[in-house]
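Understanding the architecture of this molecule
What follows is each chain in one-letter form.
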Amino acid sequence: MSKGPGWIQRRLLYIFDKVPDRPMSTAFLICMVYGCQDECLDDVTQWVYPDAERVALTRALRGLANTGKIRSFGRRFHDKQARWGGLACSDPPLSILSNRLLGQTIRVSPTTVQTARKQIADQGSMP
């Protein structure tokens, strides 16, 4: 029987309480919970953290989302980062939502959303 949220969940709830209106990625939350060490905060690709920290944090996030204390905005396939937000967080811009959640919103399949995003990216790269 659970005795309440663990230290990771308590720290996450504190973060979402202090910044209730901003969706945050899993990598950013790992740095917030465990502390960044000499990483460049602007470039997520340079962040290095052990898999154990990522697994523990995602497990804590899923537990909080299942109990309804935070919101999950899904995982995007191209950067492999899930987005999470507090209950007061408004719906994020469409570029942050995963294909699955965006497809549910506009009632199309995730593949259709992925194809549309690819076409828009291809049009943007053309001269």
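The structure reproduced in this document is the subject of the present report. Here the structure is a predicted model, which means the values were calculated and not measured.

Cut-offs used in this document
Residues numbered from 1 in each chain as written. Predicted model: local features only at pLDDT ≥ 70, side-chain atom pairs only at ≥ 80, totals over all residues. Heavy atoms only, no water. Helix = DSSP H or I, 4+ residues; strand = E, 2+ residues; numbered from the N terminus. Buried < 20%, exposed > 50% of the residue type's maximum accessible area, 1.4 Å probe, protein only. Contact = heavy atoms within 4.5 Å. Pairing = 2+ DSSP bridges.

1. Considering the overall build of the protein chain
When you go through the protein chain residue by residue, the secondary structure sums to 5 helices and 3 strands. When the helices and strands of the protein chain are read in sequence order from the N terminus, they spell out α-β-α-α-β-β-α-α. Per-residue burial over the protein chain gives 31% buried out of 127 residues. Taking as baseline every contact in the protein chain between residues at least 6 positions apart, the subset at least 24 positions apart corresponds to 44%.

2. Observations regarding the sheet that holds strand 3 (residues 82-86)
Here 3 strands make up an open sheet; going across it, the order is 1-3-2 and the pairing antiparallel. Two strands in the sheet have a free side with no partner beyond their single neighbour: strand 1 (24-25) and strand 2 (70-75). Relative to strand 3, strand 1 runs antiparallel, the two sharing 2 bridges. Within strand 3, the residue paired with M24 across the bridge is W84.

3. Topic: unusual backbone geometry
Negative phi characterises most residues that are not glycine, and trans characterises most peptide bonds. We note that R107 has phi near 60°; this positive angle belongs to a residue other than glycine. Here R107 is to be found in the loop between helix 4 (99-106) and helix 5 (110-125).

4. Focus on the pairing of strand 3
Most of strand 3 is tucked away, with 5 of its 5 residues classed as buried. Alternating positions in strand 3 separate into two faces, A82, W84 and G86 on one and R83 and G85 on the other, with burial throughout.

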